[in-house]
Each structure stands twice: as C-alpha cells, then as structure tokens.
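Listed here are the chains, written in short residue letters.
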Amino acid sequence: MSLPTALPLTDTANGHRLDFLLVADMVEPGSRVLDVGCGDGSLLSLLRDRRGVDGRGIEISREGVNACLAKGLPVIQGDADTDLADYPDDAFDYVILSQTIQATRQPRVVLEHLLRIGRRAIVSFPNFGHWRVRTDLALKGRMPVTENLPYSWYDTPNIHFCTIRDFVELCREVGAQMEKAVALNAGGQPMRVTLPWWVWNLLGEQGVFLLKRR
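Reading guide: rules and limits
Residues numbered from 1 in each chain as written. Predicted model: local features only at pLDDT ≥ 70, side-chain atom pairs only at ≥ 80, totals over all residues. Heavy atoms only, no water. Buried < 20%, exposed > 50% of the residue type's maximum accessible area, 1.4 Å probe, protein only. Helix = DSSP H or I, 4+ residues; strand = E, 2+ residues; numbered from the N terminus. Pairing = 2+ DSSP bridges. Right-handed = clockwise from strand over helix to strand, strands pointing away. Axes fitted to C-alpha atoms, helices over the stretch in contact; angles between N-to-C directions.

A. Summary view of the pairing of strand E4 (residues 92-98). The element E4 is largely enclosed, with a buried count of seven among its seven residues. Looking at chain direction, strand E1 (residues 32-36) and E4 are connected through four bridges and run parallel. Bridge assignment links leucine 34 to a residue of E4, and that residue is valine 95. Across six bridges, the pairing between E4 and strand E5 (residues 118-126) is parallel. Note on E5: the bridge partner recorded for serine 98 is serine 124. The parallel pair E4 and E5, bridged by helix H5 (residues 107-117), forms a crossover whose chirality is right-handed.

Structure (structure tokens):
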C-alpha cells in the first residue's frame with residue numbers, strides 16, 4: 001500500500017530521496033527484495049540500479065502499478081493489509097515497507113508478515129513524537145501539519161500515527177531484533193547513533209529500522 005503519507009527530503013545532487021539512499025545502503029547487493037507499497041517504483045529502481053537486486057513490488061494503486069511497469073519493474077496490485085498472508089515464509093532476503101506502516105489498518109500484523117516473508121525487514125516512518133508535532137498539539141491544540149506530515153486531520157491517509165519509541169516497543173512485542181536503527185533529522189541527515197532514544201524521539205523526523213527475526 002503506497003500513499004502520499006510523508007514528503008521526505010531529496011538529495012538535490014542525484015535526485016534520490018535521502019531515506020531511499022539510506023534504505024539502499026542497508027540492502028546487500030544481489031538480494032531478493034519485496035517492496036511493499038512501492039508507489040511509482042522509485043526505490044525499486046534505485047535498488048535495481050545501485051544494488052543489482054532481484055526486486056519485486058506490491059502496490060495498491062493502479063497508477064503506481066502502471067508507473068512501475070513502465071519502468072520495467074515486476075509489480076502487482078495488492079494491499080499490504082490483506083495480501084501479505086499469501087506469501088510463503090522466507091521468500092525474500094529483504095521486505096521493505098517505506099513510509100507506509102502508519103497507513104495500514106493492522107500495523108502489528110503487517111510487521112509480523114514482513115518478518116515472516118523476509119529474512120530481514122526494513123521499515124521507515126514519520127515520527128509523530130517530533131518536537132514540532134508536540135508543539136502544535138501542546139500550544140495550538142491542533143493536529144500538526146508539517147513538511148513531513150503535510151495533510152490535515154480530515155484528509156490524511158495516516159490512521160495509526162506512532163513515535164520512534166512506540167515502534168521500538170512494537171519490535172520488542174513481536175520479537176524483532178533491531179540490527180540497525182537510524183533517526184533522520186529535519187535536514188534528512190542521520191542523527192548520532194550514540195544519542196539516547198528519547199533524543200531521537202524528540203528530534204528525529206523519520207525513523208528507519210533494519211530488523212530480523214530472533
């Protein structure tokens with residue numbers, strides 16, 4: 001399921017989204033990859049060109065599927081909430097869910113499927129615990145509208161907002177091991193790994209996690 005849930009920054013030097021570049025660095029060359037909610041195929045194309053992956057995609061919108069097919073990407077139409085159950089265990093080396101988990105109806109079930117289908121899962125999402133979000137709620141008494149969360153409350157596709165801290169707790173509940181975790185600041189740059197979780201939760205606009213089953 002791919003929805004315009006966030007607007008991550010782009011590296012103007014090469015035209016790729018900064019979070020996509022970070023995800024690509026987490027994927028071993030030549031891997032089998034499933035991109036869940038692949039949108040127009042931008043991430044799959046990047047992985048194919050830079051990492052030489054054997055990539056597949058699932059996308060809910062017909063427009064997105066058509067855009068992917070036009071790029072020569074093997075993508076089918078499907079819904080993360082209902083169709084992941086049809087995939088066998090360990091079918092891929094990596095299963096990626098980029099900027100979409102907060103738009104799913106059952107985030108925990110979707111995450112459990114990612115960990116079952118892939119030997120590793122990569123999940124990225126906008127952090128609802130960022131200080132700008134907190135400020136809007138505390139001082140203005142309104143649901144926040146930011147560059148990374150550009151929709152008003154009545155038309156947003158996001159139905160399960162979470163913070164970095166929330167997601168870490170979900171990983172513990174489902175028994176996922178965090179191999180790598182990165183928080184991106186407002187400029188799209190990774191924050192220092194040595195910073196405590198509460199700092200990431202306050203200052204990170206996005207979280208990107210590389211997970212595996214325990």
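B. Fine view of the sheet that holds strand E2 (residues 54-59). As summarised here, the arrangement of the seven strands in space is E3-E2-E1-E4-E5-E7-E6, forming an open sheet in which the pairing is mixed. Two strands close off the open sheet at either side, each with one partner strand: strand E3 (75-77) and strand E6 (176-184). Strand-to-strand, the axes of this sheet are offset by a mean angle of 15°, without reference to chain direction. The sheet contact formed by E2 and E3 spans three bridges and is parallel. When the bridges of E3 are listed, glycine 57 appears paired with valine 75.

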